[in-house]
Amino acid sequence: MDYSALKASVSAYLGMKEADSATDSLIDECIADVTEAARFRCLYRIFTEPPGFLLSGEYPKLLEATRGVVLTVSTLGAEVDRLIRYLSASDMARSVVADAAASALLETYADDYESGIAEGLSDRFCPGYGGTDVRDVIHILKAVGADRIGVFMLPSGLMVPQKSMAGLRVIRGGVRRTCGRCVLLERCSYRKEGVRCYDRKRK
C-alpha cells in the first residue's frame, strides 16, 4: 500500500489540497486508528454475460469490448462505524478526519484486493455514478451474497456497515486505459485539473 497516496486521498475527501502540520499529524493518527479497527472483507462474482440490471440506462456504455463483468462488495466492518460514532460524540474534528480516513482506506484495500481478480480490469464503477440509480446496489449485494460478510441495505437505501462499497469492474483484457469510454467524461474533476484518475491509483 502506498501510504503517501492514501494520505493524499484522505486530504481529498476532506476537501484539502495540502494539510497543515497539525492536520497532517491528525490524519496519521486517524489512519492508524481506523486501520486497527478495520476488519476488511470482500466478495466478488464474475459474470461472462452481464446481469439484467446492466442492460439498460448508462451501463451498456461500460460494457463495450468486454470479456466479462465483476461485481464486488467490500467493507471495513462494523467496528469502524462504531469508532466513528464514538468520536463524533467526543471529538468532532477527529471524527470527520477518521471518516475520511475510513473512506480512503476502504478504497485502497478494495483496489489492492480486486486488482488480483483478473487481467485487464477497468476502474471500479458504483451505482449512482454517471446518472445511474444508486438503488442498483441491491442487485450487486444479492448477486454476490453480501450478507455472508455482514453487508446489508436498509430500506432507506443506505448500506450497513456504513463503510462498505458495492460496484462493478469490466474485464477488457489488454486494453489500455483511456477516458474515452467513461460516462463521467464531460463532468470529470480530474480532467479539469489536467490529470487522470487512473494515474492516481495506488500500487
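Above this note sits the structure.
Source: prediction; values computed, not measured.

Conventions adopted
- The residue numbering used here restarts from 1 in each chain and proceeds along that chain's sequence as written.
- Where local features are concerned, this predicted model is filtered to residues with pLDDT of at least 70; where side-chain atom pairs are given and counted, the filter is 80 or more; whole-chain, interface and lining totals use all residues.
- Excluding hydrogens and water, the side-chain figures rest on all heavy atoms present in the structure.
- Between any two strands, at least two bridges found by DSSP are needed for them to pair.
- Here a strand is any run of E in DSSP of at least two residues, a helix any run of H or I of at least four, and the numbering for each starts at the N terminus.
- Axis angles are defined between N-to-C directions and span 0 to 180 degrees, where every axis is a line fitted to C-alpha atoms and, for a helix, only to the segment in contact.
- Residue contacts follow a heavy-atom distance rule, with two residues in contact if any of their heavy atoms lie within 4.5 Å.
- An angle counts as roughly parallel when it lies under 35 degrees, as roughly antiparallel when it exceeds 145, as roughly perpendicular when it falls between 65 and 115, and as oblique in every other case.
- Handedness of each helix crossing follows the sense of rotation of the near helix against the far helix: counterclockwise by less than a right angle gives left-handed, clockwise gives right-handed.
- Note that Gly is not counted as nonpolar here; it falls among the polar residues with everything else outside the nonpolar set of Ala, Val, Leu, Ile, Met, Phe, Trp, Tyr, Cys and Pro and the charged set of Asp, Glu, Lys and Arg.
- Remark: exposure states derive from per-residue accessible area (1.4 Å probe, protein chains only) relative to the maximum for the residue type, with buried under 20%, exposed over 50%, and partly exposed in between.

**Re the sheet that holds strand β2 (residues 68-75)**
Okay, so step 1: Ordered by their spatial adjacency, three strands build an open sheet running β1-β2-β6, and the pairing between neighbours is antiparallel. The sheet terminates laterally at β1 (41-47) and β6 (164-171), the two strands that pair on one side only. Each adjacent strand pair in this sheet contributes to an overall mean axis angle of 15°, direction not counted.
Okay, so step 2: Of the strands in this sheet, β1, β2 and β6 are in contact with helix α4 (residues 92-114), which crosses β6 at around 35°.
Okay, so step 3: Across the face of the sheet, helix α5 (residues 137-144) comes into contact with β1, β2 and β6 while running at roughly 90° to β2.

**Thoughts on the packing of helix α3 (residues 78-90) against α4**
Okay, so step 1: At a minimum axis separation of 6 Å, α3 and α4 run at an interaxial angle of 155°. Classified by the interaxial angle, the pair formed by α3 and α4 is roughly antiparallel. Crossing hand, α3 versus α4: left-handed. Across the interface between the two elements, Val80, Ile84, Leu87, Ser88 and Ser90 from α3 touch Met92, Arg94, Ser95, Ala98, Asp99 and Ala102 from α4.
Okay, so step 2: Its residues assigned to classes, the contact of α3 with α4 comprises six nonpolar, three polar and two charged.

**Considerations on the pairing of β2**
For a regular strand, side chains alternate in direction, first toward one face of the sheet and then toward the other.
Okay, so step 1: Counting buried positions over the eight residues of β2 gives eight, a clear majority of the element.
Okay, so step 2: Residues Gly68, Val70, Thr72 and Ser74 point to one face of β2 and Val69, Leu71, Val73 and Thr75 to the other, with burial holding for every one of them.
Okay, so step 3: Of the strand pairs in this sheet, β1 and β2 are connected by seven bridges, and their pairing is antiparallel. Paired with Cys42 across the strands is Ser74, a residue of β2.
Okay, so step 4: Both β2 and β6 contribute to a ladder of eight bridges, which runs antiparallel. Bridge pairing in β6 links Gly68 to Ile171.

Coordinates in, geometry out; function isn't part of it.
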